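Reading the structure
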Amino acid sequence: MSTFSAAFGEAFRLIGSLDPKLIEIVQLSLAVSLSAVTISTLVALPVGAALAVARFPGRDALVVVVNALLGLPAVVVGLAIYLLLSRAGPLGAFGILFTPAAMVVAQAVLIFPLIAALARQAVADAWREYAEQLRSLGAGPVAASLALLHDLRFSLVTIVLAAFGRAIAEVGAVMIVGGNIDGVTRVMTTAIALETSKGDLPLALGLGIVLLAIVLVLNVVAHFLKERAQRHHA
Amino acid sequence: MRETPSPLLPLALEGVGFSAGGRPILSGVDLVLDAGPRTVILGPNGAGKSVLMRICHGLVAPTAGRVRWAHPERPGEARRQAMVFQRPVLLRRSVLGNLLFALAVARVPQRERDGRAYAALDRVGLLNYAGRPARVLSGGEQQRLALARAWLLQPEVLFLDEPTANLDPGATREIEAIVQSIHASGTKIVMITHNLGQAQRVGDEVLFLDRGRIAERAPVERFFRHPATAEADAFLKGELPWH
């Protein structure tokens, strides 16, 4: 039997037996990425809506910057957050470097442009259709933005799920600011990178399979939400 | 129901002009709209009817001239004028939810909203549709909901921009009946239409626009029998065979 198929067999045995080490890593991954997505969404959605609806000097430049940040390399985000949080850095006093909190910050920053840029695009498209009606009703910029976000809720869920997918699958930033410390800051992606380099293929493969499954489930959920919305609201 | 003692009307436009990208769309429009008669705006495509209405309603700022209401609305207060568009824009909520949103925007106290919304649905015959998603209603039902939303706050003026352009004759008659009721409740009606039969049914006076200018203003009867200008005459001759 090749080492390859043996590794697969062992990987499935780890998943099937709910191996405590594997479960711990998966739990931390989910906790970090869910927190990051929640925080980032709460800030990025209003920012995206404001960029679509409000008119102020420098708005176009800001839109270009946010769009450009879509291609932000994760390691660069990790490096920037590392510098900010390191002992000598401006936010060093918080002492959260190499903790899950630092990883949440890094992932939240990483996916912020993704949510803000896609939300801005969605809201801007809808605004063209809604603007006159909402202004006719007397809705100010805030009320109009909230109404648009509410009307676009199903598209926005898809955006947020995509952001979660990017966060949980990302390795560079969490590696730098988390440090991949066993039992403290070791998440799925950093564990896969480490175990692969150590030659412990079963654990790496098991985590890889779980990661794939999570991403797949997310896409299934996004698909059905969209389907349901289209049936319900035409 | 109306809490504002000082009326919006009359509305006066003084030398109003509008040009987009160097192309003049309206020029030198002097106009006074007073409470009472239902005003129908007629004119060929591109005459500037929709732009004129949007300027009156405050959606578009004129590039020349002034728009003066007797007692203008103040920002932050509930609007005392409403507009219904050719294609109703309804939110992805229930029929009732669309009305509740408009009431919330107008800062109507929470406890009054349900009652007002249901009363408005009753007036347009949509009471049994309250819980349905607004976007799956038929075109005619959507436009009736848009009228209910416009009527919610008993506006002093209601602007309508070809509200029946996309509707079949049955739905068109329903809309016209609702517009009559709104008028009967004391609201000034200003309506753009391409349907000359409708202009005669719904209007008291005609405002005829041609190439960005008000070419003629006359009571409906006189306008259709003895148009005073060559442009109006040509417009009526050109349009009538299809109606």
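Residues numbered from 1 in each chain as written. Chains lettered and ligands numbered in written order. Predicted model: local features only at pLDDT ≥ 70, side-chain atom pairs only at ≥ 80, totals over all residues.

Quick word on the overall build of chain A
From N to C terminus, chain A includes 10 helices and zero strands. Along the first, second and third principal axes, the C-alpha atoms of chain A reach 70 × 50 × 25 Å. Looking at chain A residue by residue over its 234 residues, the buried ones come to 41%. (Helix = DSSP H or I, 4+ residues; strand = E, 2+ residues; numbered from the N terminus. Buried ≥ 20, exposed ≤ 12 C-beta atoms within 10 Å, placed from the backbone.)

Section: the overall build of chain B
Tallying secondary structure elements over chain B gives eight helices and nine strands in all. By the compact-globule yardstick of 18 Å for 243 residues, chain B fits well, its C-alpha radius of gyration being 18 Å. If you line up chain B on its principal axes, its C-alpha atoms span 55 × 40 × 35 Å. Burial status across chain B gives 42% buried among its 243 residues. (Rg over C-alpha atoms; globule rule 2.2 N^0.38 Å.)

Some thoughts on the sheet that holds strand β1 (residues 11-20) of chain B
Within a beta sheet, neighbouring strands are joined by backbone hydrogen bonds and run either parallel or antiparallel to one another. All names here are of chain B. Taken in spatial order, the three strands of this open sheet run β2-β1-β4, and their pairing is antiparallel. For this open sheet the edge positions go to β2 (23-33) and β4 (64-69), each flanked by a neighbour on one side alone. This sheet shows a mean twist of 20 degrees between the axes of neighbouring strands, independent of strand direction. Across seven bridges, β1 lies against β2 in antiparallel orientation. Within β2, the residue paired with A12 across the bridge is V32. (Pairing = 2+ DSSP bridges. Axes fitted to C-alpha atoms, helices over the stretch in contact; angles between N-to-C directions.)

Regarding the nonpolar core
Residue and element names in this part refer to chain A. Ranked by internal contacts, the top residues of the largest apolar core, which has 138 residues, are A106, I115, A119 and V177. Considering each element in turn, this core owes the most residues, 22 residues, to helix α5 (residues 100-137). With near-sequence residues (within four places) excluded, A119 lies in contact with A44, L45, G48, A49, L156 and I159. (Core = buried A, V, L, I, M, F, W, Y, C linked by C-beta atoms within 7 Å. Contact = placed C-beta atoms within 7 Å.)

Notes on the interface of chain A and chain B
One widely used convention gives an interface's size as the accessible area the parts lose upon coming together. Of the residues lining the interface, 15 residues belong to chain A; the matching set on chain B comes to 17 residues. Looking at which element gives the most residues to the side of chain A that touches chain B, the answer is α5 of chain A, with seven residues.

Here's the deal with helix α6 (residues 141-151) of chain A
Listing the buried residues of α6 of chain A in full gives A144, S145, A147, L148, L149 and D151 of chain A. Here the buried face of α6 of chain A lies against α2 (20-53), α5 and α7 (153-169) of chain A together with α2 (95-105) of chain B.

Here's the deal with helix α1 (residues 49-57) of chain B
One turn of the α-helix equals 3.6 residues, which is why residues spaced by three or four share an orientation. Residues and elements named next belong to chain B. Within α1, eight of the nine residues are buried, which leaves the element mostly enclosed by the surrounding structure. Listed in full, the buried residues belonging to α1 are K49, V51, L52, M53, R54, I55, C56 and H57. G58 sits one or two residues past α1 and shows a positive phi near 90 degrees.

Describing the environment of G97 of chain B
Residue and element names in this part refer to chain B. In this structure, G97 sits in helix α2. Among the residues examined, G97 registers 18 C-beta atoms within 10 Å and is labelled partly exposed. As for G97 and A64, which are separated by 33 residues in sequence, their C-alpha atoms are 39 Å apart.

Regarding the packing of helix α1 (residues 3-16) of chain A against helix α10 (residues 201-233) of chain A
All names here are of chain A. Where α1 contacts α10, the two axes come as close as 8 Å, and the packing angle between them is 60 degrees. Taken together, the axis directions place α1 and α10 in an arrangement best described as oblique. With respect to the hand of their crossing, α1 and α10 are arranged in right-handed fashion. Facing A7, F8, E10, A11, L14 and I15 of α1, the residues of α10 in contact are L201, P202, L203, L205, G206, I209 and V210. Taken together, the residues of the contact of α1 with α10 break down into 11 nonpolar, one polar and one charged. (Parallel < 35°, antiparallel > 145°, perpendicular 65-115°, else oblique. Left-handed = near helix turned anticlockwise from the far one by under 90°. Nonpolar A, V, L, I, M, F, W, Y, C, P; charged D, E, K, R; others polar.)

Quick look at the environment of F101 of chain B
Here F101 of chain B shows up in helix α2. Expressed as a C-alpha distance, the spacing of F101 of chain B and R149 of chain B, which sit 48 residues apart in the sequence, is 9.4 Å. For F101 of chain B, the residues in contact, after removing those within four places along its chain, are A147 of chain A together with L91 and R93 of chain B.

Considering unusual backbone geometry
All names here are of chain B. For the bond running from L9 to P10, omega is 0 degrees, close enough to zero to count as cis. Considering the arrangement of structural elements, one finds P10 in the segment before β1. One non-glycine residue with positive phi stands out, namely R211, at about 45 degrees. Mapped onto the fold, R211 is located in the loop between β8 (205-210) and β9 (213-219).

A short note on the confidence of the model for chain B
Across chain B, pLDDT averages 93, with 96% of residues at or above 70. Across the predicted assembly, pTM comes out at 0.85 and ipTM at 0.91. (pLDDT = per-residue confidence, 0-100.)

Describing the sheet that holds β9 of chain B
All names here are of chain B. Spatial strand order, β5-β6-β7-β3-β8-β9: six strands in an open sheet with mixed pairing. The sheet is open, and its two edges are formed by β5 (81-84) and β9, each paired on a single side. Each strand of the sheet is rotated relative to its neighbour by a mean of 15 degrees, with strand direction disregarded. Bridge count for strand β3 (residues 39-42) against β8 is four bridges, and the pairing is parallel. Paired with I41 across the strands is L207, a residue of β8. Of the strands in this sheet, β3, β5, β6 (157-161), β7 (188-192) and β8 are in contact with α1, which crosses β6 at around 155 degrees.

Some thoughts on the pairing of β1 of chain B
All names here are of chain B. Connecting β1 to the antiparallel partner β2 that follows it, the hairpin turn spans two residues, and G21 within it adopts a positive phi of roughly 60 degrees. Bridge count for β1 against β4 is five bridges, and the pairing is antiparallel. Note on β4: the bridge partner recorded for A12 is R68.

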